[in-house]
Amino acid sequence: MSKQSLPIENKENNIVEFKNSVIRHQENIILKDVNLEVKKGEFIYLIGKVGSGKSSLLKAMYGEVLVKEGSVFSVGYNLKKIKSSQIPFLRRKMGIIFQDFQLLSDRSVYENLNFVLKATGWKNKKEMDVRIRDVLTQVDMVHKGYKMPHQLSGGEQQRIGIARALLNEPDLILADEPTGNLDPETTNDLMRLLLKISEMGKTVIMATHNYGMIDKYKGRILKCEDTHLKEEKS
Ligand SMILES: Nc1ncnc2c1ncn2[C@@H]1O[C@H](COP(=O)(O)OP(=O)(O)OP(=O)(O)O)[C@@H](O)[C@H]1O
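Residues numbered from 1 in each chain as written. Predicted model: local features only at pLDDT ≥ 70, side-chain atom pairs only at ≥ 80, totals over all residues.

As annotated in an unreviewed UniProt entry, the protein carries the name Cell division ATP-binding protein FtsE and comes from Saccharicrinis fermentans DSM 9555 = JCM 21142. The record in UniProt for the protein states the following under Sequence similarities (unreviewed entry): "Belongs to the ABC transporter superfamily." (UniProt positions renumbered as here; feature names shortened; annotations may be inferred.)

What follows is the structure in structure tokens.
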């Protein structure tokens, strides 16, 4: 790791920490008075109506939305002070999973994963092969590496999305409605997979509209409502 990329630790060693933060899009306030501490290994649901600010809060954690009021620490970085050149280092410490999978359609599963490894500085072909095999094994897709994304079901594509998020052994997984495009049975499979990942010590923060899942699989619940982030009883 270069000197420039050294993270700036927050005092409490929280994986994520917001203090009196305001999240805006241009001049519009999306969330205010945001105070949040997330510890290692927590499994968190982020709920709230359409347009209430869930994605914006996640984006504030991965440096896509910049927070100018209050403070934000994420995986050791002070996001108020982060330079744009440090953003790739921040993103390497987290895995991001999207509702629409966002796999590159013109290359195989293996090449999708290899692309991310190359882009994040991996060089040794043998180590890259081992890592790709490892993450595909974790999501039970080790025999599908040669497939093109369009040859996979939605659930399988999302498993590859999760494998991709795991490549750099991140401390934090951010998932923005990861099961939003999937049927109930596939949703259950993926939930169990995400819970298994969290039991391995990773922090998972997941935006969702699926309240059935929240009843079924226990987790901490945060709600975006009326421009505030509130803790809900689980
Ligand atoms: N890039 C942007 N520029 C301006 N306004 C934005 C931008 N992105 C989101 N917004 C606005 O911010 C508000 C919160 O949006 P956000 O996507 O965070 O909500 P959400 O809770 O994730 O919604 P959904 O459940 O539909 O995903 C909305 O009013 C939205 O229109």
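So, about the sheet that holds strand β2 (residues 28-38). Here four strands make up an open sheet; going across it, the order is β2-β1-β4-β5 and the pairing antiparallel. Each edge of the sheet is formed by a strand with only one pairing partner; in this case those strands are β2 and β5 (77-78). Pairing between strand β1 (residues 16-25) and β2: seven bridges, direction antiparallel. Counted as the bridge partner of Ile 23 is Leu 31 from β2. Against the sheet, helix α1 (residues 54-61) contacts β1, β2 and β4 (69-74), and its axis sits at roughly 120° relative to β1. (Pairing = 2+ DSSP bridges. Helix = DSSP H or I, 4+ residues; strand = E, 2+ residues; numbered from the N terminus. Contact = placed C-beta atoms within 7 Å. Axes fitted to C-alpha atoms, helices over the stretch in contact; angles between N-to-C directions.)

With that settled, the discussion passes to the packing of helix α3 (residues 109-119) against helix α4 (residues 125-138). Angle between the axes and distance between the axes are the two parameters that describe a pair of packed helices. The N-to-C vectors of α3 and α4 enclose an angle of 120°; their axes lie 10 Å apart at closest approach. On the basis of the axis angle, α3 is oblique to α4. Once α3 is placed against α4, the crossing between them reads as right-handed. In this structure, α3 uses Tyr 110, Leu 113, Asn 114 and Leu 117 to contact α4, whose residues at the interface are Met 128, Arg 131, Ile 132 and Val 135. (Parallel < 35°, antiparallel > 145°, perpendicular 65-115°, else oblique. Left-handed = near helix turned anticlockwise from the far one by under 90°.)

Counted at 1.5 Å a residue, the expected span for α4 with its 14 residues is 20 Å, and the 20 Å between its end C-alpha atoms agrees. Among the residues of α4, those classed as buried are Ile 132, Val 135 and Leu 136. With its buried residues spanning 100° around the axis, α4 presents them on a single face. Relative to its buried face, α4 has exposed residues pointing more than 90 degrees away, namely Lys 126, Glu 127, Val 130 and Thr 137. Those residues of α4 that are buried are in contact with α3 and α5 (154-166). Looking one or two residues past α4, Asp 140 carries a phi angle of roughly 60°, positive in sign. (Expected span 1.5 Å × (residues − 1). Buried ≥ 20, exposed ≤ 12 C-beta atoms within 10 Å, placed from the backbone. Arc of directions from axis to C-beta.)

Turning our eyes to something else, we now look at the UniProt feature "domain: ABC transporter" (unreviewed entry) in the protein. On the UniProt side, "domain: ABC transporter" (unreviewed entry) is annotated at positions that read residues 16-234 here. With 34% helix and 27% strand, the stretch residues 16-234 has end C-alpha atoms that lie 20 Å from each other.

Over its 16 residues, helix α6 (residues 184-199) runs 22 Å from end to end, which matches the ideal 22 Å to within 8%, given 1.5 Å per residue. When α6 is considered as a whole, its buried residues turn out to be Thr 187, Leu 190, Met 191, Leu 194, Ile 197 and Ser 198. Within α6, the buried residues cover an arc of 120° as seen down the axis, which keeps them to one side. Turned more than 90 degrees away from the buried face of α6, the exposed residues are Glu 185, Arg 192, Lys 196 and Glu 199.

Looking now at the site of the ligand. Every residue near the ligand is listed here: His 25, Ile 30, Gly 48, Val 50, Gly 51, Ser 52, Gly 53, Lys 54, Ser 55, Ser 56 and Cys 224. Here the shell around the ligand takes three residues from α1, the largest share from any one element. A class-by-class count of the residues in the shell around the ligand yields three nonpolar, seven polar and one charged. (Near = placed C-beta within 6 Å. Nonpolar A, V, L, I, M, F, W, Y, C, P; charged D, E, K, R; others polar.)

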